[in-house]
Amino acid sequence: MKTVVICAALGALALALFPPAMARQETAREETPRVLVIEETIPAAAPQEADEPSDERTVTLLTQDGTRELELDEYLTAVVLCEMPPEFEPEALRAQAVAARTFACRQMRGGKHEGGAVCADSACCQAWRSEEELRERFGADFEADWQKAADAVTTTHDEVLTYDGQLIDATFFSCSGGRTEAAVAVWGSDVPYLQSVESYGEQAALRYASEAAFTAEEFREKILDSAPDADLTSDPENWLGAVSYTDGGGVDEIEIGGAALTGVQMRSTFGLNSTQFTLEFADGAFHFSVLGYGHRVGMSQYGANYMAQQGYSYRVILPYYYRGAKITALGD
């Protein structure tokens, strides 16, 4: 066992947000410097042989243009380049590579698609673009960026995450807003390795904080679509009721017009960046203040990069976000 102490000095320089759309942007955010200290006991996570050796070396990918058969490492290199900024630290890129490999191999052993193991849609599986598309997108930087992703894949060759000898559901997202969410709070099923943990250094993300506003009529229409029994006949300032929260800081349930809606429902209904939000009625409109970007379950990509900046390897980053999971090697 290894005790990890992370001193998080939150500075003013911001990194680029790199959501699955892969758009490169740069921004600067003024932050009040503060120091946070975490002490966590994390397994050393030396590679072990998986209980069920796998011979998966190719992946069947479903794309808009049809089905492709790709070498696993080639597929993973494109996924890493699509899912995480190449400017991120090498150890963060390695963590992403292991998570992506784990996801792909788990799907190959029995996933949700017929006729293929995974699709190229980040909302369903993992983001993927062809080498030609990526070359056009990254332009003169392509060769260097592709090599960074390829290095992350090759230096973690055959490594996957397991729990009790089984491949885990290695979910990941952009940033959590300071604390990740447990799977049970989002998907309704408790998963022992997908629990809520503190996630530091995410303030650098462009979409760490966001706002959304709706007129009373817009708000009413959207709520009634999700909760037809809500009573919204009174003044809008009286529509909002009690709110309960999850261990991860997201909204568990919120009462609106006497009807209870979950944070997941509200995120979907209003297109919010996450379930970690506050809601108030002011100046004739309903205002959401949101922290985080994504479902917030599993590994925070910005949190992983921050840990890497502090000198921690992917062998520490991964078991921090996936509690109790081990890094194991696929069989030959």
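You'll find the structure just up there.
Residues numbered from 1 in each chain as written. Predicted model: local features only at pLDDT ≥ 70, side-chain atom pairs only at ≥ 80, totals over all residues. Heavy atoms only, no water.

J.: So what about the layout of surface pockets? Which residues, and what values?
T.: Considered as a void within the structure, the largest pocket measures approximately 640 Å³ in volume. Along the wall of the largest pocket there are 24 residues; nearest its centre are Ser122, Ala123, Cys125, Phe172 and His295. Residue assignment for the lining of the largest pocket shows that the elements contributing at least two residues are α2 (90-108) and β9 (172-173). Examining the composition of the lining of the largest pocket, we find that 3 residues originate from one element, α2, more than from any other. Its residues assigned to classes, the lining of the largest pocket comprises 11 nonpolar, 8 polar and 5 charged. (1 Å grid on protein atoms, 1.4 Å probe; cavity = no way out; pocket = protein on both sides within 12 Å on 5 of 7 lines; lining within 4 Å. Points joined across faces, edges and corners; volume = space filled by probe spheres on them. Helix = DSSP H or I, 4+ residues; strand = E, 2+ residues; numbered from the N terminus. Nonpolar A, V, L, I, M, F, W, Y, C, P; charged D, E, K, R; others polar.)

J.: Could you give an account of the sheet that holds strand β4 (residues 58-63), with specific residues and numbers?
T.: The sheet built from 3 strands is open, its strands ordered β5-β4-β6 with mixed pairing. Strands with a single pairing partner mark the edges of an open sheet, and in this sheet they are β5 (66-71) and β6 (118-119). As defined by bridge partners, β4 adjoins β6 across 2 bridges and the pair is classed as parallel. Looking at the pairing, Leu61 lines up with Val118 of β6. (Pairing = 2+ DSSP bridges.)

J.: Which residues make up unusual backbone geometry, and what are the values?
T.: The backbone of Asp158 shows a phi angle near 70°, a positive value even though the residue is not glycine. Take Asp158: its relative accessible area is 8%, and that puts it in the buried class. Here the phi dihedral of Asp164 falls at roughly 55°; this positive angle occurs in a residue that is not glycine. Of note, Asp164 is situated in the loop between β7 (159-163) and β8 (166-167). On the basis of relative accessible area, Asp164 is assigned to the exposed category, the value being 69%. (Buried < 20%, exposed > 50% of the residue type's maximum accessible area, 1.4 Å probe, protein only.)

J.: Let's hear about the environment of Ile317: which residues, and what values?
T.: Position of Ile317 relative to the elements: it lies in helix α9 (residues 314-321). You can call Ile317 buried: its relative accessible area is 0%. When residues no more than four places from it in sequence are discounted, the contact partners of Ile317 are Glu91, Ala95, Met299, Ala304, Met307, Ala308 and Tyr312. (Contact = heavy atoms within 4.5 Å.)

J.: Now, about the pairing of β4: what can you tell me, with residues and values included?
T.: Relative to β5, β4 runs antiparallel, the two being bridged by 6 bridges. Within β5, the position partnered with Val59 by the bridge is Leu70. Between β4 and the antiparallel strand that follows it, β5, lie 2 residues.

J.: How would you explain helix α7 (residues 263-270) if you had to name every residue and give the values?
T.: Listing the buried residues of α7 in full gives Gly263, Met266, Thr269 and Phe270. The buried residues of α7 occupy an angular sector of 125° when the element is viewed end-on, so they sit on one face. The elements touched by buried residues of α7 are β10 (209-215), α6 (216-226), β12 (251-256), β13 (259-262), β14 (277-282) and β15 (285-291). Trailing α7 by a residue or two, Gly271 shows a phi angle of about 65°, which is positive. (Arc of directions from axis to C-beta.)

J.: So what's going on with a negative patch on the surface? Which residues, and what values?
T.: On the surface, Asp65, Glu71, Glu74, Glu132, Glu133 and Glu136 cluster together into a patch of negative charge. By residue number, the principal contributor to the negative patch is helix α3 (residues 131-138), which donates 3 residues. As for its placement among the helices and strands, Asp65 is situated in the loop between β4 and β5. (Patch = residues over 30% accessible without salt bridge, like charges linked within 9 Å, V, L, I, M, F, W, Y side chains within 5 Å. Areas by Shrake-Rupley, 256 points an atom, 1.4 Å probe, with all protein chains shown as cover. Salt bridge = Lys/Arg side-chain N within 4 Å of Asp/Glu carboxyl O. Lys, Arg positive; Asp, Glu negative; His and termini not counted. Charge placed at Lys NZ, Arg CZ, Asp CG, Glu CD.)

J.: So what about the pattern of salt bridges? Which residues, and what values?
T.: Enumeration over the complete set of coordinates arrives at 7 salt bridges. Across the salt bridge formed by Arg135 and Glu131, the nearest N and O atoms sit 3.1 Å from each other. Taken together, the residues span about one helical turn, with Arg135 and Glu131 both in helix α3 at a distance of 4 residues. A salt bridge links Glu198 to Arg179; its shortest N-O distance comes to 2.7 Å. On the criterion of sequence distance, the pair formed by Glu198 in the loop between α5 (183-187) and β10 and Arg179 in the loop between β9 and α5 is long-range, its members being 19 residues apart. Since its relative accessible area comes to 27%, Glu198 is described here as partly exposed. Under the relative-accessibility criterion, Arg179 is labelled partly exposed at 25%. In the salt-bridge network here, residues are joined through shared partners; they are Glu131, Arg135 and Glu143.

J.: Requested: an account of the packing of α2 against α9, with residues and values cited.
T.: To describe two helices that pack against each other, one gives the angle between their axes and the distance between the axes. The interhelical angle for the contact between α2 and α9, taken along N-to-C directions, is 55°, at an axis separation of 8 Å. Taken together, the axis directions place α2 and α9 in an arrangement best described as oblique. Read as a crossing pair, α2 and α9 show a hand that is right-handed. Taken together, the residues of α9 that come into contact with α2 (itself represented by Glu91, Arg94, Ala95 and Val98) are Tyr314, Ile317 and Leu318. (Axes fitted to C-alpha atoms, helices over the stretch in contact; angles between N-to-C directions. Parallel < 35°, antiparallel > 145°, perpendicular 65-115°, else oblique. Left-handed = near helix turned anticlockwise from the far one by under 90°.)

J.: I'd like to hear about the packing of helix α8 (residues 301-309) against α9, residue by residue, with values.
T.: Viewed as axis vectors pointing N to C, α8 and α9 meet at an angle of 140°, and their least axial separation amounts to 10 Å. Pair α8 / α9 crosses with right-handed handedness. Of α9, the residues touching α8 (which contributes Gly303, Ala304, Met307 and Ala308) are Val316, Ile317, Tyr320 and Tyr321. Grouping the constituent residues of the contact of α8 with α9 by class yields 7 nonpolar, 1 polar and no charged.

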